[in-house]
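# Remarks on the overall topology
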Amino acid sequence: MKYVCCLTLILVFGSAFISRPSLEVHQQPAVKASMDRGKTIYLQRCMACHQVDGSGVPRLNPPLDGASTVKGNDKLKLVRIIIKGMTDRVEIDGEYYDNNMSANPDLTDTQIADVLTYIRNNWSNKASVVTAAEVKAARAKIK
Ligand code: HEC
């Protein structure tokens, strides 16, 4: 009995030390799968304007690499931009961009979560993942 308890403790604490804390967020299997799906969506739908390296096109399309909104905590704003697109000429990190961003009303909650998780954790960006549940909750607030 003592032996079993000891073994259990070793397994529980041992696995906590060996696996979880050493993995960076984007290396966790579920997050990596989401990033991979998000990359495919990015290449199909976003790359033409924001470029493969996320640097955008001066005065036309804003960079996503290093962008404060992309890395920020306002996930509702990010979900709205993906679903509705963006046509208002507003200041983004000190610059203005003349192009309009297309709307993506056909993307599912999971697809939006994947592409947002990808842009928030690719290039130099490091931010929390976006889940399908978060997108669902945000979508309900967007008209
Ligand atoms: C047709 C070109 C185009 C495509 C395609 C496009 N975007 Fe955009 N995107 C823009 C432009 C232009 C803006 C800024 C619009 C403005 O200033 O009103 C923008 C803004 C954004 C912003 C806000 C940036 C910030 O820092 O505030 C995000 C996030 C974004 N796009 C992500 C995406 C994602 C993800 C995709 C693919 C699903 C995508 N875009 C597809 C042109 C595009």
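The following paragraphs examine the structure supplied in this document. (Residues numbered from 1 in each chain as written. Predicted model: local features only at pLDDT ≥ 70, side-chain atom pairs only at ≥ 80, totals over all residues. Heavy atoms only, no water.)

### Quick look at the site of the ligand
Residues in close proximity to the ligand total 24 residues, the closest being Cys 46, Cys 49, His 50, Asp 88 and Met 101. In this structure, an oxygen atom belonging to the ligand sits 3.4 Å away from a side-chain N or O atom of Thr 69. The set of elements that each furnish at least two residues to the shell around the ligand consists of helix H3 (47-50), helix H4 (68-71) and helix H5 (75-84). Broken down by element, the shell around the ligand gets its largest block of residues, 3 residues, from H5. For the shell around the ligand, the residue count by class is 14 nonpolar, 8 polar and 2 charged. (Near = heavy atom within 4 Å. Polar contact = N/O pair within 3.5 Å; in protein donor to acceptor, adjacent residues only side chain to side chain. Helix = DSSP H or I, 4+ residues; strand = E, 2+ residues; numbered from the N terminus. Nonpolar A, V, L, I, M, F, W, Y, C, P; charged D, E, K, R; others polar.)

### Here's the deal with helix H6 (residues 109-121)
Counting along an α-helix, one turn takes 3.6 residues, and residues three or four places apart therefore face a common direction. Taking 1.5 Å per residue as the helical rise, H6 with its 13 residues ought to reach 18 Å, and the 18 Å between its terminal C-alpha atoms agrees with that figure. Counted residue by residue, H6 has 11 buried out of 13 residues, so it is predominantly covered. Where H6 is concerned, the buried positions are Asp 109, Ile 112, Ala 113, Asp 114, Val 115, Leu 116, Thr 117, Tyr 118, Ile 119, Arg 120 and Asn 121. In this structure, the buried side of H6 is in contact with helix H2 (29-45), H4, H5 and helix H7 (132-141). Positive backbone phi, approximately 55°, marks Trp 123, located one or two places after H6. (Expected span 1.5 Å × (residues − 1). Buried < 20%, exposed > 50% of the residue type's maximum accessible area, 1.4 Å probe, protein only. Contact = heavy atoms within 4.5 Å.)

### Brief notes about the side chain of Asn 125
Among the structural elements, Asn 125 can be located in the loop between H6 and H7. In this structure Asn 125 comes out as buried when scored by relative accessible area, which is 1%. For Asn 125, the side chain forms a polar contact with the main-chain oxygen of Ile 119, separated by 2.9 Å.

### Let's talk about H5
Along H5, the residues classified as buried are Lys 75, Leu 78, Val 79, Ile 81, Ile 82 and Ile 83. Taken together, the buried residues of H5 touch H4, H6 and H7. Immediately beyond the C-terminal end of H5, within one or two residues, lies Gly 85, with a positive phi of roughly 75°.

### Remarks on unusual backbone geometry
Keep in mind that most residues, glycine aside, have a negative phi and that most peptide bonds are trans. Residue Gln 51 is not a glycine yet carries a positive backbone phi of 70°. Mapped onto the fold, Gln 51 is located in the loop between H3 and H4.

### A look at the nonpolar core
One finds Tyr 42, Val 79, Ile 112, Leu 116, Ile 119 and Val 135 to be the most contacted residues of the largest nonpolar core, which totals 23 residues. Looking at this core, the elements with two or more residues in it are H2, H5, H6 and H7. Contact partners of Val 79, with chain neighbours within four places excluded, come to Ile 112, Leu 116, Val 135, Ala 138 and Ile 142. (Core = buried A, V, L, I, M, F, W, Y, C linked by side-chain atoms within 4.5 Å.)

### What about the pattern of salt bridges?
Going through the model one piece at a time under the given rule, you end up with 6 salt bridges. Here Asp 114 makes a salt bridge to Arg 37, at a shortest N to O gap of 2.7 Å. Placement of the pair is Asp 114 in helix H6 and Arg 37 in helix H2, with a sequence separation of 77 residues. Here Asp 114 falls in the buried class, since its relative accessible area comes to 4%. Notably, a salt bridge pairs Arg 139 with Asp 109, separated by 2.8 Å at the nearest N-O pair. (Salt bridge = Lys/Arg side-chain N within 4 Å of Asp/Glu carboxyl O.)

### Points about the coordination of the iron atom of the ligand
Looking at the metal site, the iron atom of the ligand is ligated by His 50 (NE2) and Met 101 (SD), spaced 2.0 to 2.1 Å from it. Because the angles between the 6 donor atoms bound to the iron atom of the ligand fall within 83 to 180°, the donor set is best described as octahedral. In this pair, His 50 sits in helix H3 while Met 101 sits in the loop between H5 and H6, placing the two residues 51 residues apart along the sequence. A relative accessible area of 9% places His 50 in the buried class. (Donors = N, O, S within 2.8 Å, 3.2 Å for Na, K, Ca; no water. Tetrahedral: all angles 85-135°; square planar, octahedral: opposite > 155°, others 65-115°.)

None of this, on its own, says anything about what the molecule does.
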